[in-house]
Amino acid sequence: MKFVQIIDYRTADFDSMNALMDRWVEQTKGKRTASHAVIGRDRSEADHYLDIVEFDSYQEAMENSQLPETDAMFREMVALCEGMPSFTDLDVVREEQSNAATVRRFFHEIAAGGNLAAIDEVFAPDYVDHDVANEPESETGAEVVRRDLTMWREAFEFTFDIERQVAEGDEVAVMWRWTGRHKGDFQGIPATGEQCSMTGTTFFRFDGGRIKEGWFHFDRLSLMQQLGAA
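Residues numbered from 1 in each chain as written. Predicted model: local features only at pLDDT ≥ 70, side-chain atom pairs only at ≥ 80, totals over all residues. Heavy atoms only, no water.

A. Highlighting the pattern of salt bridges. Evaluated as defined, the whole model comprises 19 salt bridges. Salt-bridge contacts for Glu45 lead to Arg10; the nearest nitrogen and oxygen are separated by 2.9 Å. One end of the pair, Glu45, is in the loop between strand E2 (34–41) and strand E3 (48–55); the other, Arg10, is in strand E1 (residues 3–10), and 35 residues separate them in sequence. (Salt bridge = Lys/Arg side-chain N within 4 Å of Asp/Glu carboxyl O. Helix = DSSP H or I, 4+ residues; strand = E, 2+ residues; numbered from the N terminus.)

If you want it as structure tokens, here you go:
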């Protein structure tokens, strides 16, 4: 079950608070479990703010709160606040997802999290996949996603960090960073135990609330070099 935490606070120095958040995001790359975050300011009270942080589960929220960087950030946050921030913990009982949220769900819950059963909820049955690393470069069907993710998950333990996301109409573009540990055979390369990373971009087209078409581009050469194969 998805989980949302709302942090309610007042501060007269939001610029410093914003800089603090930016440092935390940079320090926790590859470690934080928050899937999405929004900061809002009260229109009627300029020093009143709400942080809305989404997680795929309560357990992941607890993992996030136990990071030493999160603890340090919270202590600095309190120093910038007028009084102690308040926290509201919510189990999500209904959610209407935007296309952008669906894309984040794919990267965090399905690809990295391993919930392959949700593929049919996110991808259209006649989904068309474009991947320059595959032959042929264009394949049809949600099963293509399941096959490719199974291959990647058998070869690596990995996470995704979404570094930029732009949504317009029925299209969503994403810049991401992938970080993984090589634990199994990958294209004939036996497990090396190496920690490796690569960057990539994906462009999705939606139809009826589900992903109808996807274009994947990523730095495969860099990955193969890190595995000692190129």
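After that view, the rundown keeps rolling.
B. Structural view of the environment of Val93. Its place among the elements puts Val93 in the loop between strand E4 (86–91) and helix H4 (99–112). C-alpha of Val93 to C-alpha of Lys2: the two residues are 91 residues apart in sequence and 8.2 Å apart in space.

C. Geometry of the sheet that holds strand E9 (residues 195–207). An order of E6-E5-E10-E9-E8-E7 is seen for the 6 strands of this open sheet, with the pairing classed as mixed. Two strands close off the open sheet at either side, each with one partner strand: strand E6 (138–140) and strand E7 (156–168). With direction set aside, neighbouring strand axes in the sheet form an average angle of 20°. Alignment of strand E8 (residues 171–182) against E9, held across 11 bridges, turns out to be antiparallel. Each bridged residue has a counterpart across the sheet, and for Val174 the counterpart in E9 is Thr202. Sheet contacts for H4: strand E5 (123–131), E7, E8, E9 and strand E10 (210–218); angle to E7, the most-contacted strand, approximately 175°. Of the strands in this sheet, E5, E6, E7, E8, E9 and E10 touch helix H6 (residues 142–155), which is tilted by about 60° from E5. (Pairing = 2+ DSSP bridges. Axes fitted to C-alpha atoms, helices over the stretch in contact; angles between N-to-C directions. Contact = heavy atoms within 4.5 Å.)

D. Seen up close, helix H1 (residues 14–27). Taking 1.5 Å per residue as the helical rise, H1 with its 14 residues ought to reach 20 Å, and the 20 Å between its terminal C-alpha atoms agrees with that figure. For H1, the elements touching its buried residues are E1, E2, E3, helix H2 (58–65) and helix H3 (68–80). (Expected span 1.5 Å × (residues − 1).)

E. The packing of aromatic side chains, seen in detail. Throughout the structure, instances matching the rule amount to 25 aromatic pairs. When the ring of Phe3 is compared with that of Phe55, the centres are 6.3 Å apart and the planes differ by 45°; the resulting orientation is tilted. Highlighted residues: Phe3 in strand E1 and Phe55 in strand E3, separated in sequence by 52 residues. The pair formed by Phe3 and Phe55 is uniform in burial state, with each residue classed as buried. Here the aromatic rings of Phe156 and Trp178 are separated by 5.0 Å at their centres, their planes lie at 85°, and the arrangement is edge-to-face. With a gap of 22 residues between them, Phe156 in strand E7 and Trp178 in strand E8 connect regions that are remote in the sequence. (Phe/Tyr/Trp six-rings, centres within 6.5 Å; stacked < 30°, edge-to-face > 60°. Buried < 20%, exposed > 50% of the residue type's maximum accessible area, 1.4 Å probe, protein only.)

F. Main features of the packing of H4 against H6. Contact pair H4 / H6: the axes reach a minimum separation of 10 Å and the direction vectors enclose 65°. In contact with Phe106, Ile110, Ala111 and Ala112 of H4, H6 contributes Val145, Leu149 and Arg153. Across the contact of H4 with H6, the residue classes break down as 6 nonpolar, no polar and 1 charged. (Nonpolar A, V, L, I, M, F, W, Y, C, P; charged D, E, K, R; others polar.)

G. Region of the structure containing the sheet that holds E2. Reading across from one edge, E2-E3-E1-E4 is the order of the 4 strands in this open sheet, with antiparallel pairing throughout. Across the chains shown, the open sheet's two edge strands, defined by having one partner strand only, are E2 and E4. The average undirected angle you get between the axes of adjacent strands in this sheet is 15°. Strand contacts of H2: E1, E2 and E3, with the helix running at about 120° to E3, the strand carrying the most contacts.

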